[in-house]
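Here are the chains, one letter per residue:
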Amino acid sequence: SASRLVGVLVALTPIGEGLRTKLTCCVIMEEIEASAIAAAVAAVAAAQPSDDATPDSANAAAAAEVAAALAAAAVAAPQPIEAIEGVMEDDLSAEVMPLEEPADPEVQAAEAALSAAAAAAAAAEEGSEAIEAEAAESAATDPATSASVAAAAAGGVARPAAAVAAELDDNAEDSDPEMDEETQEAVEGVLRLKRLLSRDFEEDERLKKRLRSDLDARSAAQDMKVSQLLNKWGLGGDSLTRHVLENLTVEELQNLITSNYSPDTHNMWKSPAELLQTHTNQVREARGPGGGPLDVVSAFKYRHRLDTSQDRLLRGLMHKELRYVLNTFDGSKPLEEVIADAKSHEQPEEELTVAVLPDGAGVQLVGRFTRLELIDPMGAAAVFGDANLTFSLNLVRHRKALGHVGRVIATTFENLETLQERYKEIDDTIVKLEEHFAEVHHGVDCTRIAMDDRFKGLQKDLDAVYYNYPHAGAVGGFFDGHPVVNWRHENLMRLFFRALRSCMRPGGVVKVASNAGAVGVRFSYIMSSAMQNEFEHIETMPFQQWQLHRYGRSYGDRRDTYKRPGEGEQYNAQRADSDMVYCFAYKPSGAPLARQQIRMPPTYRTMLGCTDGALGERQGESKKKLATELYKRFMQECSGVHVG
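Bear in mind the structure is a predicted one, so any value in this text is a computation, not a measurement. (Residues numbered from 1 in each chain as written. Predicted model: local features only at pLDDT ≥ 70, side-chain atom pairs only at ≥ 80, totals over all residues. Heavy atoms only, no water.)

A.B. asks: I'd like a rundown of the overall build of the protein, residues and numbers included.
C.D. replies: The helix and strand tally for the protein stands at 29 helices and seven strands. Counting only residues that meet the buried cut, the protein has 51% of its 644 residues in that class. If you take every contact in the protein between residues at least 6 apart in sequence, the share linking residues at least 24 apart comes to 78%. For the protein, the exposed area adds up to about 29,000 Å²; of that, 53% sits on carbon and sulfur atoms. (Helix = DSSP H or I, 4+ residues; strand = E, 2+ residues; numbered from the N terminus. Buried < 20%, exposed > 50% of the residue type's maximum accessible area, 1.4 Å probe, protein only. Contact = heavy atoms within 4.5 Å. Areas by Shrake-Rupley, 256 points an atom, 1.4 Å probe, with all protein chains shown as cover.)

So, in structure tokens, the structure goes:
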């Protein structure tokens, strides 16, 4: 009954992990009457305000069932129900964490510094001077916070916690309280991710309550399936495998149960958590259109779930007919009727570019438009994450040759000083871009462009966006697919497409080049993130067939100082013939979107439980130090600061 008690408490999402552990132990140790706990659970559930997460009808039924089981399993030495209710009500406003062994004072100082920084970051996001002052006062008066953090966070340089806090929140302007609704929608996911990273170090009770609302509600069924799988695999103590499972949906968890999948616990190269994450990604991708080449009809067929006979009909259409069907079919009437309308439709004269060769083969001509990069001559185009700016230079030359007069905005994630260290040719490249009237901006985080003053005038103005080989940055000691770091790559794509919504013109195109076999930013991350934000997948073309594929590739990190792809170097486990360009068109429905899904980062305690990678090579205080440094880096990245 004690284990089933956990399932009921999980359904009440505001109740903390510490309290679940404490009450379960009370039942096991016969220190408290189980029926009293069941009654307290029911009392707290009934007392929750309407805006808090509450159990759904299935969870309520499960709660009633377990309450009856607990009452039947009552044990000696009962305590009054009032005492239990008091403990549970307290836990609704403050998480009770499990007891841990005493930590080294220096590591405690580093963790305190992170806590102060998290409070300052949250204060900035709230726009609340009072909270910010309180965090600053705490950092100034707390001995642990003001102590030297040399060994644990500063890498040998003694600095006060305020300095660490400043580094972790370089962009205090994140939360402009005057942001309009559209801007708030574009940046909400970025700010929420930053708060989630600070949840293990947050001290302020008001901010803790807000952090709970940032967590997606989980059902009792999800947690029971997670426990079932961990027990089945003999990995009950593996915190990282638990983290991977907790990021899965109920359907994915059930599939793992019914498929009898089990990670290889004796694998010499990868941990069970990494094997599990790879397996679940592959299962998810097997249900999609795949990461290889897809022409416009194949992508359209998958999107609308058409059959083989309808596929043949589309492939037989002429150019003007196929364009009409692609632009107008929405499933409201049969495809055959739309095709009949297409045959009698006359192309408007002003649409000169797409009206060429109306009687030509439809599939081939639409594909040629994509490959030749025949975009709106007057439209604005933006390039994100262009490390050495050679792709942007290729684009402006292409547009000039076609007589285009639209804006070209070239951006880099790194600042100019970093670029000058890595690319000796960067200054000349910038001069050439400006000679072609391109705008060049450095230090641009593509997930935060809605908050960037340099893009304030771009609302609904971009007609074409390019992002080649996106990557969240390598982390030493971990492969890109490792659960400790892989969430960064998936969230990069989710937040990128959400941010674009504030800048894209309806019908505008987005092209993301990546390798179909990439394990950092997987092709499924790109496609699912686009779909969640109303960017329709229109085609996947081989990178080598693209008019703009000839440019100076780079790694985008410190490796570019001494080697480049194409100079006898190539990406590990990636073949050039697997490089693809994933093409999307922005088709907003006008309906409000659900809040952006976020791939949950591992908690600080989960990282301490990691037994492989760079963390697995360390023990004790050395491990805590590395975990603290990683968390510091992740906080910096969420603030738009490039590391690596």
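There's more to say after this.
A.B. asks: Tell me about helix H25 (residues 483–500), residues and numbers included.
C.D. replies: Taking 1.5 Å of rise per residue, 18 residues should cover 26 Å, and H25 covers 27 Å from first to last C-alpha, within 8% of that figure. The buried fraction of H25 amounts to 18 of the 18 residues, a majority that puts the element mostly inside the structure. (Expected span 1.5 Å × (residues − 1).)

A.B. asks: Could you give an account of the packing of aromatic side chains, with specific residues and numbers?
C.D. replies: Overall, the coordinates contain 19 aromatic pairs when judged by the stated rule. Taken together, a centroid distance of 5.2 Å and an interplanar angle of 90 degrees make the contact between tryptophan 487 and phenylalanine 634 edge-to-face. Here phenylalanine 634 lies in helix H29 (residues 620–638) and tryptophan 487 lies in helix H25, a separation of 147 residues in the sequence. The exposure class assigned to tryptophan 487 is buried, which follows from its relative accessible area of 4%. Here phenylalanine 497 and phenylalanine 584 contribute two aromatic rings whose centre-to-centre distance is 5.6 Å and whose plane-to-plane angle is 75 degrees, an arrangement assigned as edge-to-face. You can see phenylalanine 497 sitting in helix H25 and its partner phenylalanine 584 sitting in strand S7 (residues 579–586), a full 87 residues away along the chain. Phenylalanine 584 carries the same exposure label as phenylalanine 497, and that label is buried. (Phe/Tyr/Trp six-rings, centres within 6.5 Å; stacked < 30°, edge-to-face > 60°.)

A.B. asks: Quick one: what's the story with the sheet that holds S7, residue by residue and with numbers?
C.D. replies: Within the open sheet, the seven strands sit side by side as S3-S2-S1-S4-S5-S7-S6. Their pairing is mixed. The open sheet has two edge strands, strand S3 (439–441) and strand S6 (535–542), and neither has a second partner. Adjacent strand axes in the sheet meet at a mean angle of 15 degrees when their direction is disregarded. Bridge count between strand S1 (residues 380–384) and strand S2 (residues 408–411): three bridges; the pairing is parallel. Opposite alanine 382, over in S2, you have isoleucine 409 as the bridge partner. The strands touched by helix H22 (residues 390–401) within the sheet are S1, S2 and strand S4 (462–468), with S1 carrying the most contacts at an inclination of about 160 degrees. (Pairing = 2+ DSSP bridges. Axes fitted to C-alpha atoms, helices over the stretch in contact; angles between N-to-C directions.)

A.B. asks: Requested: an account of the nonpolar core, with residues and values cited.
C.D. replies: Among the nonpolar cores identified, the biggest contains 40 residues, and Trp233, Leu245, Leu256, Phe478, Met607, Leu615 and Leu630 are the most heavily contacted of them. For this core, the leading source of residues is H29, giving seven residues. Those residues in contact with leucine 256 that sit more than four places away from it in its chain are Leu229, Trp233, Leu245, Leu248, Tyr261, Leu276, His279 and Thr280. One finds Ala380, Ile449, Val465 and Leu492 within the second-largest nonpolar core, a separate group that totals 33 residues. (Core = buried A, V, L, I, M, F, W, Y, C linked by side-chain atoms within 4.5 Å.)

A.B. asks: Outline unusual backbone geometry, supporting the account with residue identities and numerical values.
C.D. replies: Positive phi, normally seen in glycine, also occurs at asparagine 260, with a value near 60 degrees. Relative to the helices and strands, asparagine 260 is located in the loop between helix H15 (250–259) and helix H16 (272–286). Look at glutamate 534: it is not a glycine, yet its phi comes out positive at around 70 degrees. The residue glutamate 534 is located in the loop between helix H26 (523–532) and S6 in this model.

A.B. asks: If you had to explain the pattern of salt bridges to someone new, which residues and values would you point to?
C.D. replies: The tally for this structure, following the rule as stated, stands at 21 salt bridges. With its nearest N and O atoms 2.9 Å apart, the salt bridge here joins arginine 599 to glutamate 490. Here the residue arginine 599 occupies a position in the loop between S7 and helix H27 (604–608), and glutamate 490 occupies one in helix H25, the gap between them amounting to 109 residues. Comparing arginine 599 with glutamate 490 shows no difference in burial state: the two are buried. Where glutamate 534 meets arginine 501, a salt bridge forms, and the shortest distance between an N and an O atom there is 2.9 Å. Placement of the pair is glutamate 534 in the loop between H26 and S6 and arginine 501 in the loop between H25 and strand S5 (504–515), with a sequence separation of 33 residues. One exposure class covers both glutamate 534 and arginine 501, and it is buried. Here the salt bridges do not stand alone but share partners, grouping Asp295, Asp311 and Arg315 into one network. (Salt bridge = Lys/Arg side-chain N within 4 Å of Asp/Glu carboxyl O.)

A.B. asks: Summarise helix H19 (residues 319–328); cite the residues concerned and give the values.
C.D. replies: Of all the 10 residues making up H19, eight are buried; the element is thus mostly covered by neighbouring parts of the structure. Taken together, the buried positions of H19 are His319, Lys320, Glu321, Leu322, Arg323, Tyr324, Val325 and Leu326. Those residues of H19 that are buried lie in contact with helix H17 (296–304), helix H18 (308–315), helix H20 (335–344) and helix H21 (362–371).

A.B. asks: Would you mind going over the pairing of S5 in detail, with residue names and values included?
C.D. replies: Sheet topology places S4 next to S5; six bridges connect them, and they run parallel. From the neighbouring strand, leucine 462 faces S5, where its bridge partner is methionine 504. A crossover connection joins S4 to the parallel S5 through H25; in handedness this β-α-β unit is right-handed. Where S5 meets S7, seven bridges bridge the pair, whose relative direction is antiparallel. Its bridge partner being in S7, alanine 513 is matched across the sheet by valine 581. (Right-handed = clockwise from strand over helix to strand, strands pointing away.)

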